[in-house]
Amino acid sequence: MGRDPEPTIFELSQPGRSAWQLPTTGIPDRPLDDLIPPIHRRMDRVRLAEVSERDLVGHFTRLSHRQFSVDLGAYPLGSCTMKYNPKAFDLVAGIPGLADVHPAAPARCTQGWLELMVEIEEALCEITGMAAGTLQPSAGAAGELTGLSLMRAWHTAEGAPRRKVIIPDSSHGTNPASVTLGGYEAVTVPTDERGCVDLEMLRKVLDEQVAGMMLTNPNTLGLFEEQIVELAEAVHGVGGLMYYDGANMNAILGVTRPGDMGFDIVHLNLHKTFATPHGGGGPGSGPVLVADRLVPFLPGPRPVRLATDGSQAVASEAPDFGWMIPERSIGRVHSWHGNSMVLARALAYILVNGSDGLRRIAELAVLNANWLRVRLDGILDIPFDRPCMHEYVMSADSLQHETGVKALDIAKRLLEEGFHAPTIYFPLIVHEALMIEPTETESMQTLEALAAAIERIVADSRAPGGQERCAEAPYCTPVRRVDEARAARHLIATFDARSS
Amino acid sequence: MGRDPEPTIFELSQPGRSAWQLPTTGIPDRPLDDLIPPIHRRMDRVRLAEVSERDLVGHFTRLSHRQFSVDLGAYPLGSCTMKYNPKAFDLVAGIPGLADVHPAAPARCTQGWLELMVEIEEALCEITGMAAGTLQPSAGAAGELTGLSLMRAWHTAEGAPRRKVIIPDSSHGTNPASVTLGGYEAVTVPTDERGCVDLEMLRKVLDEQVAGMMLTNPNTLGLFEEQIVELAEAVHGVGGLMYYDGANMNAILGVTRPGDMGFDIVHLNLHKTFATPHGGGGPGSGPVLVADRLVPFLPGPRPVRLATDGSQAVASEAPDFGWMIPERSIGRVHSWHGNSMVLARALAYILVNGSDGLRRIAELAVLNANWLRVRLDGILDIPFDRPCMHEYVMSADSLQHETGVKALDIAKRLLEEGFHAPTIYFPLIVHEALMIEPTETESMQTLEALAAAIERIVADSRAPGGQERCAEAPYCTPVRRVDEARAARHLIATFDARSS
Amino acid sequence: MPTYTPHTPDEIESMLEFIGLGSLGELFDVVPEALRLPHDLAMAPGIPEPDAVAHLRALASRNLECGPELVCFAGGGAYDREVPPVTTALASRSEFVTSYTPYQPEVAQGVLQALFEFQTMVARLAGLEISNASLYDGASALVEAVNLGVSASGRSEVWVSRGVHPSWREVLKTFARGTGHVIVEVDLDQGQTRWPDTGRPGVVVMAYPNHLGCLEDVGVARELADSTGAILVMAFDPIATSVLRSPGSWGADVAVGEGQALGMPLSFGGPYLGLFACRQEHVRRLPGRLVGESVDTDGRTAYVTTLRAREQDIRRQKATSNVCTNQTLMAVTAAIQLGWLGTSGIAEVAKRSALGASYCRDLLVGIDGVEPLTSAPTLMEFSLRLPIDASTLIDRLVDEGFLAGIPLDTEYTGTEYTGSDMRGLLVTVTEKRTRSEIDAFAAAFARALR
Amino acid sequence: MPTYTPHTPDEIESMLEFIGLGSLGELFDVVPEALRLPHDLAMAPGIPEPDAVAHLRALASRNLECGPELVCFAGGGAYDREVPPVTTALASRSEFVTSYTPYQPEVAQGVLQALFEFQTMVARLAGLEISNASLYDGASALVEAVNLGVSASGRSEVWVSRGVHPSWREVLKTFARGTGHVIVEVDLDQGQTRWPDTGRPGVVVMAYPNHLGCLEDVGVARELADSTGAILVMAFDPIATSVLRSPGSWGADVAVGEGQALGMPLSFGGPYLGLFACRQEHVRRLPGRLVGESVDTDGRTAYVTTLRAREQDIRRQKATSNVCTNQTLMAVTAAIQLGWLGTSGIAEVAKRSALGASYCRDLLVGIDGVEPLTSAPTLMEFSLRLPIDASTLIDRLVDEGFLAGIPLDTEYTGTEYTGSDMRGLLVTVTEKRTRSEIDAFAAAFARALR
Ligand SMILES: Cc1ncc(COP(=O)(O)O)c(C=O)c1O
Ligand SMILES: Cc1ncc(COP(=O)(O)O)c(C=O)c1O
């Protein structure tokens with residue numbers, strides 16, 4: 001039950017076995033060779049697994065027992081907002097009137113979807129304080145690249161596209177990677193001793209080649225950038241745009257808004273803040289919302305309310321919906337309209353919470369993080385020890401010096417206590433970082449259990465033999481510590497590469 | 001992940017916490033005291049668990065990781081037919097047009113359900129060779145009691161109800177228990193050295209007080225009662241009725257039929273033969289099919305095809321369906337119409353398999369059992385070592401004498417090999433019995449793995465320290481061997497009894 | 001021939017060879033030739049799974065299900081209650097769905113612990129010490145309770161209030177022919193059971209609320225049981241009991257109920273869930289499975305089925321009951337649903353239902369010709385006397401998109417006014433019914449009687 | 001305010017006290033006063049979950065979904081294929097659904113192994129050595145492939161056949177503005193790309209089958225790539241490839257595809273699944289996650305994300321791609337669906353689709369005024385030239401219960417005959433379409449043109 005190794009599906013395969021059943025069509029049979037000219041015919045059969053339905057079910061059910069998940073326990077993975085995903089929204093995703101709609105069906109067949117999209121776009125605009133947006137990006141990083149494309153289009157329209165984008169040294173890896181892909185040079189500004197962007201250093205790098213700045217707020221240390229207004233003013237002062245990385249939006253829902261802070265472009269991670277499940281690494285959804293002046297550049301086609309003359313109508317005045325391509329659109333950023341079903345789940349979540357509930361989410365997320373921070377005070381280092389937002393960063397630096405036990409070891413030991421590990425070694429500017437985000441859906445009792453586990457582990461690190469015990473952990477997870485170096489050195493990325 | 005103990009939901013509870021959300025009704029609020037007279041008002045609040053939806057999900061998901069199931073591995077539990085349950089039929093159970101139908105809705109609103117019931121009754125009649133039936137019984141044992149009630153009604157109508165019902169000593173416990181509840185005395189006939197009912201001994205106990213005989217065929221040793229025709233003739237000779245316990249019907253689908261063997265009353269276990277899931281011990285469904293002469297006594301109301309004049313019509317001639325109470329009905333045996341949704345699943349299974357597929361099920365179930373029997377020959381005793389049907393019985397008797405290792409120990413060791421244990425200590429007439437029913441949905445590879453595991457366990461029993469190792473098993477299941485005696489001696493059947 | 005079996009033709013051949021047979025047919029050589037079917041079963045050959053599902057969908061489309069098209073005011077033991085997706089999701093976990101009876105506790109702690117929690121919750125609802133781990137349905141729970149009662153009192157005369165669901169009474173009578181219990185049905189008057197003054201029953205059975213929706217004074221029955229030494233069996237509703245005095249507090253010895261309202265869809269009558277709770281002193285007479293807490297060899301808490309010596313597989317003809325497979329998955333579902341509802345939620349469901357019922361009753365009895373059948377207090381269901389046959393009214397209201405209720409037999413209404421018509425109607429309002437639905441229902445009701 | 005948070009008022013108070021605050025509001029004292037919202041968000045307060053679900057249902061009811069009411073002949077990268085309940089059931093297991101990216105392999109073997117199997121299956125379909133663990137969708141896979149190609153060839157001119165899906169090309173162009181790649185679109189003639197004779201592209205991109213449903217001679221593109229030293233990127237269909245020559249066997253360097261057909265519902269365009277496979281030599285340029293096999297400290301097989309030094313969290317601005325969260329659950333779904341289909345099933349799906357398409361095309365081109373747009377061989381999709389605007393036809397056929405296909409832009413049909421109308425139609429037939437559906441469709445099609 002989860003502890004036994006599971007063979008690959010290819011090892012379960014037996015020639016000639018099958019699981020598939022297809023509906024009767026009544027279409028007369030003909031040999032494939034009648035239909036496909038020889039030069040196009042595949043000569044071999046595709047070797048897939050050949051298993052019975054029973055073995056298929058056994059295999060993937062057993063695999064699922066080798067997988068931790070939110071539904072099994074707390075997942076205090078900083079920067080990831082692994083909150084509880086309400087089950088009701090799985091049901092929403094199964095409604096045929098949503099699930100079985102073709103993305104190229106004419107708008108008269110998809111009024112419900114268009115309305116849904118307009119509704120969530122309006123809600124997200126209100127939540128972020130922006131004017132309009134696109135729902136196409138599939139995840140945060142896709143939103144970033146979309147945002148940077150908007151930046152380029154804006155500056156191009158203003159005269160010239162500019163060359164540089166500024167990011168803090170604490171930023172998430174997607175930020176610099178997107179900057180490069182967006183055709184910009186990433187310029188890093190350091191973090192000051194309070195854990196915020198060093199405003200003076202920022203001012204030094206600002207010039208007319210700066211297209212904009214990307215920032216999360218609260219930042220990846222879980223701290224609110226208190227000088228955000230000044231930061232934005234400085235960037236705006238050289239004609240740059242402010243980009244808000246919304247990964248941490250959970251902390252400020254209904255409390256403060258990127259738009260009010262001076263941001264021009266915002267992406268949100270619906271799979272974080274709006275409780276759509278992460279799916280083991282996706283699907284996500286990364287809508288991008290923008291200030292007024294950037295609306296004409298948004299990707300298209302956009303779902304909009306239609307006035308009777310077919311033009312775009314203002315909010316809730318019109319019962320009809322259609323598509324519209326913004327005047328100076330940067331073009332599509334998705335094969336179709338985005339991860340639509342993720343949007344449906346997120347809308348349901350927003351409706352259930354509403355204005356009062358969204359703010360309550362932020363309050364309790366921040367309460368939980370601060371409670372844990374205070375509770376664990378003195379157990380591990382807290383490099384920036386002041387009130388945090390929805391997460392905070394600890395460091396095992398002293399512990400490592402004292403005992404040899406690393407952040408990695410603490411993470412691995414937590415795995416056997418029924419918790420997922422925190423994010424480790426991020427942000428890069430903190431040595432032996434452990435980044436903890438409890439989220440608002442965990443109870444005080446769960447937080448206490450987590451704190452107690454960390455306390456026990458730290459205490460055991462200092463006990464005789466502690467370093468060895470920690471370095472060997474975990475002991476009773478489905479597999480023990482995995483040799484990552486070997487995986488890279490001797491790459492086996494498919495079953496067929498196994499024997500070679 | 002499954003290995004950690006899980007607190008009860010009551011221990012997760014915190015006063016004032018809640019998960020429920022109810023739809024808005026718009027009905028004006030009033031205090032409950034306005035609605036309920038004081039003598040009827042509950043004074044205290046019912047103490048249920050108070051948990052968040054997140055904790056509810058965590059709790060039951062973790063519990064599910066402490067539970068073996070068909071979907072996790074082979075379940076060769078003899079007499080239980082733990083075959084694979086096709087996932088498509090879970091979807092059938094969720095169709096609103098089936099799931100949301102009130103059982104007391106007028107027939108015009110339930111034509112689909114009535115047709116479904118008539119269809120499955122007709123199919124079951126064809127499969128068993130009987131004339132008509134009732135779908136009301138909720139499980140095999142309920143079918144038995146219904147069958148015995150029919151027996152009583154028949155004999156009463158014939159003059160006098162009679163006193164005794166004959167059962168073999170190898171019979172399942174529900175048989176004698178039902179006999180008693182049916183108001184009869186159970187008379188046991190012994191099994192002969194070939195593992196079948198001893199015909200001579202049967203003849204000795206037959207007299208005019210015998211209402212009938214209950215029999216499974218193949219019997220609980222997995223052997224076909226070869227003298228079934230003679231047995232039936234003997235019982236019929238004294239005016240008795242033959243009752244077929246259909247728990248083992250999986251062995252003979254499409255091969256031979258109880259009706260043709262001379263049985264008058266048959267129950268089937270849809271949750272065994274027809275692949276509806278067992279649900280951890282239910283729901284089941286135990287339809288009872290009868291020969292012509294017993295049809296007027298069937299429980300009612302029965303779903304029937306209606307002729308235009310409102311009378312019962314013959315098969316498939318009429319498009320309308322209704323309810324009819326048989327002339328001399330014994331009355332209802334269920335609050336409503338039976339475990340309807342189990343019937344829907346079973347009908348889907350019958351349709352997918354059809355006449356050819358049903359026979360193939362029997363063939364492969366019997367093939368699997370015989371293969372395993374031959375494969376394990378010489379590893380454990382096989383008391384009745386001849387071709388079996390869908391299951392067979394082994395014995396650890398010699399092994400126990402030699403090494404002290406019992407059937408129970410073998411069962412417990414199998415649990416850690418990824419298999420459920422076979423049925424043990426049943427039938428009662430075999431010492432140290434291990435009753436193995438692989439079912440047709442397990443592959444040859446799985447059977448070989450099972451056989452190899454048994455072989456290993458037996459070999460290890462004989463190795464030094466083997467008895468102790470076996471007696472201590474299992475080692476790495478969610479809990480280790482459970483103290484059953486203590487549970488009975490010091491009864492704690494509710495959380496509230498814990499501290500008392 | 002698409003099936004769920006894994007065997008390839010090659011494998012079949014090699015397996016046959018291994019056991020020394022030449023064909024699959026030979027596997028059945030032990031079956032006397034004369035008994036072997038000479039032909040295929042007279043039914044269609046197998047069809048692909050999607051076609052079979054389509055067939056079931058087509059059947060389903062011939063039903064008119066409760067929902068926006070047919071707003072449900074029918075109850076009578078089967079309730080259109082809120083079942084949240086979270087309950088369905090958890091109860092559908094395949095570890096629960098595809099496991100067997102927990103014979104091997106080491107790998108069945110999931111089901112066993114859920115049942116232990118279920119037992120605790122049912123015992124608390126009933127206000128009694130012991131609950132078993134489920135029976136088939138309300139009717140079978142009643143049959144078992146009467147069997148227990150007769151065995152405990154040593155007397156087989158059973159007085160059953162007509163307030164008990166008519167179908168349950170019928171099931172009781174069906175099986176009483178075997179056990180030889182003497183079932184005496186006792187009439188209601190103004191919604192209250194009129195217990196006979198004389199006689200010495202071994203078991204007394206009543207329902208609370210009863211089949212007319214009425215709350216009877218259970219004290220009277222308790223006194224009767226006390227004075228005659230009978231066992232008091234009370235049929236209760238698990239939702240209603242959250243705001244009503246519990247069976248235990250009324251002094252019931254055994255409480256039985258239909259548990260469908262605890263997370264199960266209507267499903268045309270099943271699978272439902274038989275609830276069974278009793279006083280500790282009767283535990284050795286308990287029918288069905290019981291889960292107890294114990295420890296494993298390492299001393300960790302572990303659950304296991306217990307007091308097994310009552311059960312058929314051990315005690316055979318001397319068992320307390322014949323029940324084996326019952327409704328475990330439904331018990332697990334109920335535990336989940338009760339976990340979701342919690343202390344406050346269950347009372348809220350009861351309250352909202354009662355508010356809706358009161359609002360609805362006021363509207364309906366205001367309609368010309370419609371009268372309350374009794375003046376007794378009611379909670380979530382109430383009964384009416386109609387100016388026309390109930391089935392006719394129900395039929396007309398189906399056309400308007402309402403399932404108006406359940407007809408009441410003439411045993412409740414008497415035939416004085418009505419001839420053989422059934423002019424009684426049991427109307428039920430659950431927490432799902434909105435004010436606008438009730439308003440529309442009342443309007444349609446009035447139109448249907450015009 | 002119903003929410004999914006567990007905190008009771010007492011707990012909130014005690015937690016605040018523990019951290020030395022007096023109110024929840026004080027938690028935000030670090031936010032400059034001027035930035036704090038002085039009022040609630042301008043949206044309705046929260047509503048109960050069942051009301052929200054009802055709202056979504058109401059929206060859904062304003063769509064006309066594919067099914068018996070709207071029989072689907074539209075494709076173009078989004079296919080109405082058989083998704084068996086078993087795929088949905090397994091892919092819905094909450095361990096897969098509610099886990100994060102497998103950063104901790106010790107507790108993520110379930111997802112990791114499923115991805116390893118997915119990679120193997122995709123590599124086998126594509127006939128290439130390496131597949132990653134998913135990208136967002138077909139378009140994003142193409143963008144990444146072009147980035148890889150430019151980096152590998154060292155040249156940024158990209159020749160893209162107009163046979164590639166128009167939306168994918170559009171996405172490519174959107175992001176090329178940032179990377180500075182020069183995108184040159186190449187016309188089709190009779191369904192075949194007419195590659196220029198001169199020039200030196202760094203990357204050559206084509207689709208097989210292409211957007212008109214045609215099978216092009218990929219050999220020509222391979223020769224072009226060989227002669228210019230370009231990287232050949234081929235967009236393939238994972239189902240079609242089971243009966244067509246694989247990208248690998250045609251000599252593609254990189255194969256990309258839309259994986260929606262592997263078990264995902266239409267879902268109005270997402271979440272879908274970007275497929276990405278390439279030759280071994282490009283593995284260090286691979287975008288996205290890659291799962292590799294390794295061992296744990298006890299020597300047991302274990303899976304882990306590998307060659308992480310390509311990824312953004314390690315390499316930051318030097319990463320091969322910025323992708324982080326992608327479509328893991330869809331990759332797991334595809335692995336399950338491909339496990340269900342197996343070797344024989346996938347080819348059967350392709351064959352049945354091709355049979356249906358051929359049957360359907362014969363009927364449609366028999367209709368007066370309807371012509372095939374090209375004479376090139378096709379498989380499951382084919383394109384027609386219509387006598388009227390495609391949107392008008394589609395509109396009329398919606399009224400008859402059919403989604404007739406996807407309009408083709410004038411880049412395919414030319415404007416000679418048609419003015420600015422779009423008179424091209426792409427029709428798709430999947431394995432789900434029955435003969436009677438196709439017959440009825442053809443009849444309605446003819447009527448709609450009369
Ligand atoms: C701060 C931050 N920014 C951006 C991202 C990228 O978002 P996604 O993974 O949805 O692409 C993440 C995700 O982990 C993040 O934590
Ligand atoms: C031979 C036999 N008869 C009867 C039964 C009783 O069936 P049920 O459990 O459905 O009541 C069983 C169940 O295990 C059985 O194996």
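If you're wondering where the values come from, they're calculated on a predicted model, not measured in any experiment.

Engineer: Hey, could you run me through the overall build of chain A in this one?
Structural biologist: Summing up its helical and strand segments, chain A has 18 helices and 12 strands in all. Whereas a compact globule of 500 residues would reach a radius of gyration of roughly 23 Å, chain A reaches 25 Å, a difference of no more than 12%. For chain A, the spread of C-alpha atoms along the three principal axes comes to 75 × 60 × 45 Å. Taking the contacts inside chain A whose residues are at least 6 apart along the sequence as the reference set, 70% of them involve residues at least 24 apart. In the form shown here, chain A has an accessible surface area of approximately 14200 Å², with 51% of it arising from carbon and sulfur atoms. Measuring between centres, the 44 positive side-chain charges of chain A sit 5 Å from its 63 negative side-chain charges.

Engineer: I would appreciate a short explanation of the packing of aromatic side chains in the present structure.
Structural biologist: Any pair of aromatic rings gets described here by the distance separating the centres and the angle formed by the planes. In the structure shown here, the tally under the stated rule is 36 aromatic pairs over all chains. Judged by centre distance (5.7 Å) and plane angle (50°), the rings of Tyr-100 of chain D and Tyr-103 of chain D are tilted. With a relative accessible area of 2%, Tyr-100 of chain D lands in the buried category. Aromatic rings pair up to connect Tyr-84, Phe-89, Phe-274 and Tyr-349 of chain A together with Tyr-4 of chain D into one cluster. A cation over an aromatic ring shows up here: Arg-81 of chain C above the ring of Tyr-79 of chain C, its NZ or CZ 5.4 Å from the ring centre.

Engineer: Quick question: what am I supposed to make of the interface of chain C and chain A here?
Structural biologist: Interface size, as often reported, equals the accessible area lost upon joining of the parts. Contacts between chain C and chain A engage 17 residues on the former and 17 residues on the latter. A combined buried area of about 1300 Å² lies between chain C and chain A, and 57% of that area is made up of carbon and sulfur atoms. Taken as a group, Tyr-4, Pro-6 and Pro-85 of chain C account for 29% of the area that chain C buries against chain A, more than any other trio of residues on that side. Along the contact surface separating chain C from chain A lie 1 salt bridge. Its salt-bridge partner being Glu-11 of chain C, residue Arg-17 of chain A comes within 2.7 Å of it at the nearest N-O pair. Counting across the chain C and chain A interface gives 5 residue pairs in polar contact (both at pLDDT 80 or more). Of all the secondary structure elements, the ones that give two or more residues to the side of chain C that touches chain A are α2 (49–61), α3 (85–91) and α4 (94–97) of chain C.

Engineer: Even after reading the chapter, I still don't get the pairing of strand β3 (residues 157–161) of chain C, so can you show me in this structure?
Structural biologist: Consecutive residues of a regular strand have side chains that alternate between opposite faces of the sheet. All names here are of chain C. The element β3 is largely enclosed, with a buried count of 4 among its 5 residues. Note that β3 and strand β4 (residues 182–186) share 5 bridges and pair parallel. Within β4, the residue paired with Val-160 across the bridge is Glu-185. In this fold, the crossover linking β3 to β4 by way of helix α7 (residues 166–179) has right-handed handedness. Note: β3 against strand β7 (residues 203–208), 3 bridges, orientation parallel. The partner of Val-160 across the bridge, within β7, is Val-205.

Engineer: So what exactly am I meant to see when it comes to the pattern of salt bridges here?
Structural biologist: Close approach of charged atoms allows side chains of opposite charge to pair. Applying the stated rule across the entire model yields 130 salt bridges over all chains. With a shortest N-O distance of 2.6 Å, Arg-293 of chain A and Asp-264 of chain A are connected by a salt bridge. One end of the pair, Arg-293 of chain A, is in the loop between β7 (288–290) and β8 (302–306); the other, Asp-264 of chain A, is in the loop between α11 (258–261) and β6 (265–268), and 29 residues separate them in sequence. By relative accessible area, Arg-293 of chain A is classed as partly exposed at 35%. Its relative accessible area of 4% is what places Asp-264 of chain A among the buried residues. Note that Arg-162 of chain C is salt-bridged to Asp-187 of chain C, the shortest N-O span being 2.7 Å. A residue pair is termed long-range when its members are at least 10 positions apart, and Arg-162 of chain C in the loop between β3 and α7 and Asp-187 of chain C in the loop between β4 and β5 (188–189) qualify at 25 residues. What makes Asp-187 of chain C partly exposed here is its relative accessible area of 37%.

Engineer: Hey, could you run me through the environment of Asp-362 of chain C in this one?
Structural biologist: Residue and element names in this part refer to chain C. Secondary-structure assignment places Asp-362 in helix α11 (residues 328–365). Using a relative accessible area of 47% as the deciding quantity, one classes Asp-362 as partly exposed. Taking C-alpha positions, Asp-362 is 9.7 Å from Ala-442, a pair spaced 80 residues apart along the chain.

Engineer: It is not clear to me how the domain arrangement of chain A should be interpreted in this structure. Could you clarify?
Structural biologist: Residues and elements named next belong to chain A. Each assigned domain of chain A is listed with its residue range as follows: domain 1 (1–66), domain 2 (89–308 + 316–350) and domain 3 (360–499). Distance from the C-alpha centre of domain 1 to the C-alpha centre of domain 3: 40 Å. Taken together, the contacts link 7 residues of domain 1 with 7 residues of domain 3. Considering only the side of domain 1, the residues that lose the most area to domain 3 are Arg-3, Phe-10 and Arg-66, jointly responsible for 60% of the buried surface there.

Engineer: What is the right way to look at the interface of chain D and chain A in this model?
Structural biologist: In this assembly, 191 residues from chain D lie in contact with 208 residues from chain A. At the junction of chain D and chain A, the tally comes to 9 salt bridges. A salt bridge links Asp-399 of chain D to Arg-108 of chain A, with the nearest nitrogen and oxygen atoms 2.7 Å apart. Across the contact surface, chain D and chain A share 97 residue pairs in polar contact (both at pLDDT 80 or more). Counted by class, the side of chain D that touches chain A contains 96 nonpolar, 57 polar and 38 charged residues.

Engineer: Just checking my understanding: could you explain the domain arrangement of chain C for this structure?
Structural biologist: Per the domain assignment, the segments making up chain C are domain 1 (9–51), domain 2 (71–82 + 342–448) and domain 3 (85–337). Its C-alpha centre places domain 1 of chain C at a distance of 55 Å from the equivalent point of domain 2 of chain C.

Engineer: In this structure, what is going on with the packing of helix α6 (residues 138–153) of chain C against α7 of chain C? I would like to understand it.
Structural biologist: A pair of packed helices can be characterised by two numbers: the angle between their axes and the separation between those axes. All names here are of chain C. Where α6 meets α7, the axes come as close as 9 Å, and the angle between the chain directions of the two elements is 45°. With respect to their mutual orientation, α6 and α7 come out oblique. For the pair α6 and α7, the sense of crossing is right-handed. Touching Gly-138, Ala-139, Leu-142, Val-143, Val-146 and Asn-147 of α6 are Trp-168, Val-171, Leu-172, Phe-175 and Thr-179, all from α7. Of the residues in the contact of α6 with α7, the class split is 8 nonpolar, 3 polar and no charged.

Engineer: Hey, could you run me through helix α3 (residues 53–64) of chain A in this one?
Structural biologist: Think of an α-helix as 3.6 residues a turn; residues three or four steps apart then line up on the same face. All names here are of chain A. Here α3 is 12 residues long and its end C-alpha atoms lie 16 Å apart, about the 16 Å a rise of 1.5 Å per residue gives. A large share of α3 lies buried, amounting to 11 of its 12 residues. What α3 keeps buried is the set Glu-53, Arg-54, Asp-55, Leu-56, Val-57, Gly-58, His-59, Phe-60, Thr-61, Leu-63 and Ser-64.

Engineer: Got a minute to help me understand the sheet that holds β6 of chain A in this structure?
Structural biologist: Either a parallel or an antiparallel arrangement is found when strands of a sheet pair, and the pairing is made through backbone hydrogen bonds. All names here are of chain A. Taken in spatial order, the 7 strands make up an open sheet running β1-β7-β6-β5-β4-β2-β3, and their pairing is mixed. For this open sheet the edge positions go to β1 (132–134) and β3 (185–189), each flanked by a neighbour on one side alone. Within this sheet the neighbouring strands show an average axis-to-axis angle of 25°, counted without direction. The pairing of strand β2 (residues 164–168) with β3 spans 5 bridges and is parallel. Bridge assignment links Val-165 to a residue of β3, and that residue is Ala-186. Docked against the sheet, helix α6 (residues 111–128) engages β1, β6 and β7, running at close to 120° with respect to β1. Seen against the sheet, helix α7 (residues 140–158) touches β1, β2, β4 (210–215), β5 (241–246), β6 and β7 and runs at an angle of roughly 170° to β5.

Engineer: Where do I start with the site of ligand 1 in this structure?
Structural biologist: Ligand 1 sits among 16 residues. The nearest are Ser-79, Gly-140, Asp-245 and Lys-272 of chain A together with Thr-325 of chain D. More than one chain lines the surroundings of ligand 1; the residues nearby belong to chains A and D. Gly-140 of chain A places a main-chain nitrogen or oxygen 2.7 Å from an oxygen atom of ligand 1. Taking 390 Å² as the accessible area of ligand 1 by itself, protein coverage stands at 99%. Counting residues per element, the ones that place at least two in the shell around ligand 1 are α7 and α12 (270–273) of chain A. Among the residues forming the shell around ligand 1, the class breakdown is 5 nonpolar, 8 polar and 3 charged.

Engineer: Is there a simple way to explain the side chain of Thr-8 of chain B in this structure?
Structural biologist: Along the chain, Thr-8 of chain B turns up in the segment before α1 (9–12). In terms of polar contacts, Thr-8 of chain B uses its side chain to reach the side chain of Glu-11 of chain B, at 2.6 Å. With near-sequence residues (within four places) excluded, Thr-8 of chain B lies in contact with His-59, Phe-495 and Arg-498 of chain B together with Gln-113, Phe-116, Glu-117 and Tyr-303 of chain C.

Engineer: Got a minute to help me understand the sheet that holds strand β7 (residues 203–208) of chain D in this structure?
Structural biologist: With mixed pairing, 7 strands are arranged side by side in an open sheet as β2-β10-β9-β8-β7-β3-β4 (chain D). Every interior strand has two partners, whereas the edge strands, β2 (130–131) and β4 (182–186) of chain D, have only one.

Engineer: How should I be thinking about the site of ligand 2 in this particular structure?
Structural biologist: Near ligand 2 there are 16 residues, and of these Ser-79, Gly-140, Asp-245 and Lys-272 of chain B together with Thr-325 of chain C occur at the shortest range. At the site occupied by ligand 2, the surrounding residues belong to chains B and C. Considering ligand 2 on its own, with 390 Å² of exposed area, one finds that the protein chains cover 99% of that surface. Ranked by residues supplied to the shell around ligand 2, first place goes to helix α7 (residues 140–158) of chain B with 3 residues. Considering only residue class, the shell around ligand 2 consists of 5 nonpolar, 8 polar and 3 charged.

What counts, and at which threshold
- Residues numbered from 1 in each chain as written.
- Chains lettered and ligands numbered in written order.
- Predicted model: local features only at pLDDT ≥ 70, side-chain atom pairs only at ≥ 80, totals over all residues.
- Heavy atoms only, no water.
- Helix = DSSP H or I, 4+ residues; strand = E, 2+ residues; numbered from the N terminus.
- Rg over C-alpha atoms; globule rule 2.2 N^0.38 Å.
- Contact = heavy atoms within 4.5 Å.
- Areas by Shrake-Rupley, 256 points an atom, 1.4 Å probe, with all protein chains shown as cover.
- Lys, Arg positive; Asp, Glu negative; His and termini not counted.
- Charge placed at Lys NZ, Arg CZ, Asp CG, Glu CD.
- Phe/Tyr/Trp six-rings, centres within 6.5 Å; stacked < 30°, edge-to-face > 60°.
- Buried < 20%, exposed > 50% of the residue type's maximum accessible area, 1.4 Å probe, protein only.
- Lys NZ or Arg CZ within 6 Å of the ring centre and 35° of its normal.
- Buried area = accessible area lost by both parts, 1.4 Å probe.
- Salt bridge = Lys/Arg side-chain N within 4 Å of Asp/Glu carboxyl O.
- Polar contact = N/O pair within 3.5 Å; in protein donor to acceptor, adjacent residues only side chain to side chain.
- Pairing = 2+ DSSP bridges.
- Right-handed = clockwise from strand over helix to strand, strands pointing away.
- Domains from an automatic or database assignment.
- Nonpolar A, V, L, I, M, F, W, Y, C, P; charged D, E, K, R; others polar.
- Axes fitted to C-alpha atoms, helices over the stretch in contact; angles between N-to-C directions.
- Parallel < 35°, antiparallel > 145°, perpendicular 65-115°, else oblique.
- Left-handed = near helix turned anticlockwise from the far one by under 90°.
- Expected span 1.5 Å × (residues − 1).
- Near = heavy atom within 4 Å.

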